[in-house]
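Here is what each chain is made of, one letter per residue.
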Amino acid sequence: MAKKRILILGAGLAGLSAAWHLQKKGFDCQVFEKESAVGGLCRSKKIGGFTFDCDGHLLHFKHHYTFDLVKNLLGSNLVKHQRSAWIYSSGKLSHYPFQANLYGLPKSVIQDCLLGFIQAYNHNYKKTHNRYSFYEWIMRTFGRGIARHFMIPYNTKFWTYSPKELTCEWLDGFIPAPSLKEVINGTIEPNKRQFGYNATFWYPKKGGINQLPLALASQVKNLHANCQISKIDLVKKQISLASGGNEKFDFLISTVPLPEIPGLISDLPKQVEESFKRLKWNSIYNLNLGLKKIDPARRHWVYFPQPELSFFRVGFFHNFSSSLVPAGKNSLYVEVAYSKNKPIDKSRIVAQSIKDLKKMHIIRTQDEVLVQDVNDIKYGYPVYDSNYCLARGKIAKFLMKHSIISCGRYGSWRYMSMEDVLLEGRSVTEEIMGIR
Ligand SMILES: Cc1cc2nc3c(=O)[nH]c(=O)nc-3n(C[C@H](O)[C@H](O)[C@H](O)COP(=O)(O)OP(=O)(O)OC[C@H]3O[C@@H](n4cnc5c(N)ncnc54)[C@H](O)[C@@H]3O)c2cc1C
């Protein structure tokens, strides 16, 4: 069989993993990345002695395969952490997840949450969530109190859409659902059990999360940085580089965010064009700060459900690795969600976030800020609404018909972790081997 020309668009973790797996199986492929550096969302920056990731990026493993892959790549530069995650609500800090750790909250809140949970529990609702909106799932799983005091405000703030507009297709164990006994235990004292997929996480000892894509890239051949793709010609089966020149393909593996595709392919069929228009997403405005003071708390991150606070979460880089900060210093990341549905004023959001950090006593004065860094992440999380499934399916089918395998978090348009996209790189290779 003639040698197939395989091109990969994007050198984030998905594109790098696809290239790595293909090359291990003896396939030649070329990778085109528009930025000057590899890594996509998993890049890190060094500013004034502080290393900042693009928002918080922590590794969680469900599969031995991915753990072994990452361990082989990073060797001893990989450390395991026990999560220290918190929620600030009703004027108190409680352990994550809210629903399993009501202890310490005002008595009226505990009563509300417990009563609601017992009522929902007594209805013995089936937890098969496919038929429900996310809102219904919250009400049926946790009841009115937990919904009101945390789940609804937090998720509305995070998704920037009402949970009534969202489906549950993305859930897949993301939100821990404790038993009645565990909820009751959690009102007496913090639960001993660590809930959820992120109870522990792994993180590089040195260099930030960027070490992972860098290690992967060091084993990948034919990697072209500063190569933006400006056009995909479905008839000629070729891509055009913004800097000039074309490349032919038999298979095109694209990790380019789906909403960017109509700008690359002209004359899309009307129905497919319509599907692209139905995609929704939220964006994340990420502010990173390098700070003077020494933070005695060993917290990793804190959730803030309050609509009046700009951020939904604040995390602390220096507690992932002391190598990310100069000796004795701190650093943190602030996450603000926005979208067409809930815009923000970008000219004021940094000042507002700092004001809110002071209000929450996370920093005391502006003078504590030594350096700052901003990442405006246009595509944060694909929004799973009632159009999501059909629109995504039609797009994927159309692209596949033209030998384009669209993958990665924004190419496949799914709520995917770093582990998920690493695995997808392997499955794309298997797909191509099957097709070949
Ligand atoms: C705010 C936030 C926090 C997250 N935190 C975590 C976490 O803690 N743990 C976790 O496991 N996952 C986390 N994730 C998910 C993780 O970042 C992604 O799953 C993963 O990085 C996606 O990799 P990717 O290669 O699919 O996409 P990307 O990293 O977006 O890579 C796509 C690449 O394509 C390039 N590109 C785009 N257009 C073109 C073009 N026209 N021509 C050439 N190149 C192009 C881009 O420059 C980019 O390098 C988080 C995501 C977000 C948004």
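This report concerns the structure included in the present document. Keep in mind the model is a prediction, meaning the values are calculated, not measured. (Residues numbered from 1 in each chain as written. Predicted model: local features only at pLDDT ≥ 70, side-chain atom pairs only at ≥ 80, totals over all residues.)

1. Notes on the packing of helix α3 (residues 107–122) against helix α5 (residues 180–188)
- Between α3 and α5, the shortest axis-to-axis distance is 11 Å and the interhelical angle comes to 170 degrees. Considered as vectors, α3 and α5 are oriented roughly antiparallel to each other. Between α3 and α5, the residues in contact are I110, L114, F117 and Y121 and L180, V183 and T187, respectively.
- Here the contact of α3 with α5 is composed, by residue class, of six nonpolar, one polar and no charged. (Axes fitted to C-alpha atoms, helices over the stretch in contact; angles between N-to-C directions. Helix = DSSP H or I, 4+ residues; strand = E, 2+ residues; numbered from the N terminus. Parallel < 35°, antiparallel > 145°, perpendicular 65-115°, else oblique. Contact = placed C-beta atoms within 7 Å. Nonpolar A, V, L, I, M, F, W, Y, C, P; charged D, E, K, R; others polar.)

2. What to know about α3
- For α3, spanning 16 residues, the distance from its first C-alpha to its last is 22 Å, which sits close to the expected 22 Å at 1.5 Å a residue.
- Looking only at α3, the buried set comprises V109, D112, C113, F117 and A120. Taken around the axis of α3, the buried residues stretch over an arc of 120 degrees, which confines them to a single face. Of the exposed residues in α3, those oriented more than 90 degrees away from the buried face are K107, S108 and N122.
- The secondary structure elements touched by the buried residues of α3 are α4 (134–159) and α5. (Expected span 1.5 Å × (residues − 1). Buried ≥ 20, exposed ≤ 12 C-beta atoms within 10 Å, placed from the backbone. Arc of directions from axis to C-beta.)

3. Focus on the sheet that holds strand β10 (residues 229–233)
- Judged by pairing direction, the sheet is antiparallel, and its three strands sit side by side in the order β10-β11-β12 without closing on themselves. Either end of the sheet is taken by a strand with one partner, and the two such strands are β10 and β12 (246–248). Strand after strand, the sheet turns through a mean of 20 degrees between neighbouring axes, direction not considered.
- Sheet topology places strand β11 (residues 238–241) next to β12; three bridges connect them, and they run antiparallel. Across the sheet, the residue bridging to S240 is N246, located in β12. (Pairing = 2+ DSSP bridges.)

4. Topic: the pairing of strand β8 (residues 200–203)
- Residues F201 and Y203 point to one face of β8 and are all buried, whereas T200 and W202, pointing to the other face, are not buried.
- Inspection of the sheet shows strand β5 (residues 79–82) paired to β8 by four bridges, in the antiparallel sense. In the strand pairing of β8, Q82 is matched with T200.

5. Some thoughts on the site of the ligand
- Around the ligand, a shell composed of 35 residues is seen, among which G10, G12, G40, G408 and S417 lie nearest.
- Within the residue set of the shell around the ligand, elements represented by two or more residues are α1 (13–24), β18 (369–382), α10 (408–411) and α11 (418–435).
- Residues that form the shell around the ligand fall into these classes: 16 nonpolar, twelve polar and seven charged. (Near = placed C-beta within 6 Å.)

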